[in-house]
Amino acid sequence: MIDVNAFLGASPWRPVPGIEPAALLVTMDQLGIGTAWVTHLPSLYWKDPAESHAELFGIAGRYPRLRPVPVIHPGLPDWEADLRRAAAEGAVAVRADPGQLGLAPAGHEMLELVQACGEADLPFVSAVRLEDLRGRHPLDVAPELPTWAVRSWARSAPRTRLVLTHADRGFIEEVHFSLASDEGRRCWWDIAWIWGPPEDHLAHLLATIGVGRFLFGSGQPLRLAETPIARLDLLDLSAPDRHALTTGNALNLDRRTQS
Amino acid sequence: MLIDVHAHFFHRESARVDGAELNRRRLAAGDRMGITLHVASILGSWGRHSPTYFPSPADLTIANAAQRALQQQHPGRIRGYVAVNPNFTTHALAEIATGAREGMVGLKLAASRRADDPLLDPLCEAAASLGFPVLHHIWQHRRREWPGQEASDGVELCRLAARHPGVNFILAHIGGGGDWLHTLRAVRAHRNVHVDLSGSGTDGGMLEACLRAVGAERLVWGADVTLCTGWAKLRHLERLLPAPDAELIRSGNAVRLFPAGAFA
């Protein structure tokens with residue numbers, strides 16, 4: 001399995017266990033997760049997230065099962081150099097979360113970054129939310145990603161593959177059915193926040209949107225990595241579909257495995 | 001044995017037209033997860049005829065009867081809480097008496113009246129006399145009013161629990177939204193308050209914090225609306241804990257909290 005939604009490093013808001021690479025790898029081993037796409041969690045909130053890149057690339061060098069997803073801040077001068085370095089250092093994707101960075105989600109900085117990711121052939125990752133709005137720290141006021149921003153990204157960057165994490169059924173449906181087919185085919189959704197039975201949102205989305213659009217993602221260690229596994233175990237998925245969702249779709253996004 | 005202490009079902013008068021299908025799916029998923037018993041309530045008409053968290057007495061009478069019918073239909077799989085609205089004391093006490101007479105095993109209080117309000121006292125006295133635990137809907141750290149409910153938080157439930165030391169309280173869905181760290185501080189010293197692990201939230205560190213705050217002896221497993229997240233939390237606990245402690249959370253504590261023979 002490939003977890004496309006994992007983090008390293010401390011949360012600024014509360015203690016979270018398992019934030020070091022070794023601990024993450026122990027959890028992955030216990031749950032049968034072979035590879036994780038990892039973001040340096042504190043840098044989501046840093047003024048200059050690129051200050052974390054050397055550490056993240058260093059970790060990825062020491063632990064090849066952890067594939068780096070550095071944060072790029074498109075509001076900073078010369079952010080294009082950060083993107084070029086990310087590609088050169090083997091980033092599997094890059095990300096920007098406009099709420100945490102204080103950027104307009106569909107403003108020119110974000111659109112330029114999303115478009116540049118297409119030029120660089122790097123998937124672009126963003127989270128709808130990192131934590132449940134109801135339980136956040138009083139100072140954690142970053143707005144959630146709006147659906148219209150994802151629509152703007154998908155429509156304005158025809159070469160960019162978008163990986164959206166922590167979206168629920170309503171969000172996914174609104175975006176998917178507001179995009180033309182070729183636009184929707186460039187969006188992938190992780191299953192970290194999609195409910196299973198009895199509401200069966202995940203089963204519904206797999207039936208209406210298709211297995212090809214979904215990825216295994218957990219949000220660990222901010223959220224339990226067992227959650228998406230439990231969701232899959234409550235589905236009647238064929239072995240090929242389960243493999244596609246947990247592994248194959250993510251492999252197809254990875255330049256390293258494509259080359 | 002695995003007991004879900006926080007389940008819900010639907011009935012024909014519910015707002016959900018797919019209520020029967022939801023019931024079927026809950027039982028089917030529960031079978032796959034190994035749930036032995038679903039201890040459940042129906043909150044009135046789920047908003048169809050009166051608000052979910054402010055249900056009318058008439059809706060509650062129908063809902064409790066429907067809950068008992070489900071228990072009779074699935075005697076080996078379902079048990080029922082009596083759901084009441086504390087604003088209607090006479091009706092609530094009558095529903096509790098009827099429920100107890102007809103095999104219900106606990107009292108469900110949602111969000112019709114703040115947990116520390118004196119109107120809850122006669123209901124808790126009735127629960128005490130029957131050996132019923134009280135499952136109370138909780139917003140983890142209510143910093144403000146929320147529309148559609150008169151939500152309570154852990155501090156408010158603990159005030160009620162302190163007034164009724166002979167009653168076991170189940171603090172609902174620690175993963176159901178809000179700041180669970182606040183709740184866990186509130187409940188530490190209240191030995192008759194038990195934490196139900198249900199809710200859609202599976203925050204990393206939450207279960208470890210629960211264990212530090214109240215120990216395995218005061219945790220009970222449940223799922224509420226999302227069975228997948230309940231199962232995930234159970235799996236995580238079974239990675240963390242020795243088997244005897246996990247067994248307490250799976251069923252041992254629930255067997256102790258509910259009336260003798262409730263799960264026979």
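Heads up: the structure comes first, above all this text.
Summary of the structure given here. (Residues numbered from 1 in each chain as written. Chains lettered and ligands numbered in written order. Predicted model: local features only at pLDDT ≥ 70, side-chain atom pairs only at ≥ 80, totals over all residues.)

Focus: the overall build of chain A
Okay, step 1: The secondary structure content of chain A amounts to 12 helices and eight strands.
Okay, step 2: With the C-alpha coordinates aligned to their principal axes, the bounding extent of chain A is approximately 50 × 45 × 40 Å.
Okay, step 3: Burial statistics for chain A: of 259 residues in total, 53% are counted as buried. (Helix = DSSP H or I, 4+ residues; strand = E, 2+ residues; numbered from the N terminus. Buried ≥ 20, exposed ≤ 12 C-beta atoms within 10 Å, placed from the backbone.)

Regarding the sheet that holds strand S1 (residues 3-8) of chain B
Strand pairs in the sheet, formed through backbone hydrogen bonds, run parallel or antiparallel to each other.
Residue and element names in this part refer to chain B.
Okay, step 1: Strand order in the open sheet formed by eight strands is S1-S2-S3-S4-S5-S6-S7-S8, and the pairing between neighbours is parallel. Looking at strand neighbours, the two that pair on one side only are S1 and strand S8 (219-220), the edges of this open sheet.
Okay, step 2: Two elements, strand S5 (residues 134-136) and strand S6 (residues 169-171), share three bridges in a ladder whose sense is parallel. In the sheet register, Leu135 faces S6, and the bridge partner there is Ile170.
Okay, step 3: Its contacts with the sheet place helix H3 (residues 89-101) against strand S3 (78-84) and strand S4 (106-109), and it is angled at close to 165 degrees to S3. (Pairing = 2+ DSSP bridges. Contact = placed C-beta atoms within 7 Å. Axes fitted to C-alpha atoms, helices over the stretch in contact; angles between N-to-C directions.)

Thoughts on helix H1 (residues 19-33) of chain B
Residues and elements named next belong to chain B.
Okay, step 1: Over its 15 residues, H1 extends 21 Å from the first C-alpha to the last, a length consistent with the 21 Å expected when each residue adds 1.5 Å.
Okay, step 2: Of the residues making up H1, those classed as buried are Asn23, Arg26, Ala29, Gly30 and Met33. When H1 is viewed along its axis, its buried side chains cluster within an angular range of 135 degrees and face the same direction.
Okay, step 3: Taken together, the buried residues of H1 touch S1, strand S2 (37-41) and helix H8 (227-240).
Okay, step 4: At the exit of H1 stands Gly34, carrying a positive phi of roughly 90 degrees. (Expected span 1.5 Å × (residues − 1). Arc of directions from axis to C-beta.)

Details of the interface of chain A and chain B
Okay, step 1: Taken residue by residue, the interface counts 25 residues in chain A and 29 residues in chain B.
Okay, step 2: Sorting elements by how many residues they give to the side of chain A that touches chain B places helix H10 (residues 226-233) of chain A first, with four residues.
Okay, step 3: Looking at the side of chain A that touches chain B residue by residue, the classes come out as 11 nonpolar, six polar and eight charged. (Nonpolar A, V, L, I, M, F, W, Y, C, P; charged D, E, K, R; others polar.)

Concerning the sheet that holds strand S6 (residues 162-165) of chain A
Okay, step 1: Pairing within the open sheet is parallel, and its five strands lie in the order S4-S5-S6-S7-S8 (chain A). With one partner strand each, in any of the chains shown, strand S4 (94-95) and strand S8 (214-215) of chain A form the two edges of the open sheet.

Thoughts on unusual backbone geometry
The bulk of non-glycine residues show a negative phi, and the bulk of peptide bonds are trans.
Residue and element names in this part refer to chain A.
Okay, step 1: Across the junction of Pro197 and Pro198, the peptide omega takes the value 5 degrees, indicating a cis bond.
Okay, step 2: Residue Pro221 is reached from Gln220 by a cis peptide bond, and omega for that bond is -5 degrees.
Okay, step 3: Relative to the elements of secondary structure, Pro221 occurs in the loop between S8 and H10.

What about the environment of Gly18 of chain A?
Okay, step 1: Mapped onto the elements, Gly18 of chain A comes out in the loop between strand S1 (2-8) and helix H1 (21-31).
Okay, step 2: Judged by the 22 C-beta atoms lying within 10 Å of it, Gly18 of chain A is buried.
Okay, step 3: In sequence terms Gly18 of chain A and Phe57 of chain A are 39 residues apart; their C-alpha atoms lie 19 Å from each other.
Okay, step 4: Leave out the neighbours within four places in its chain, and Gly18 of chain A touches Ala23, Leu24, Thr27 and Pro221 of chain A together with Gly204 of chain B.

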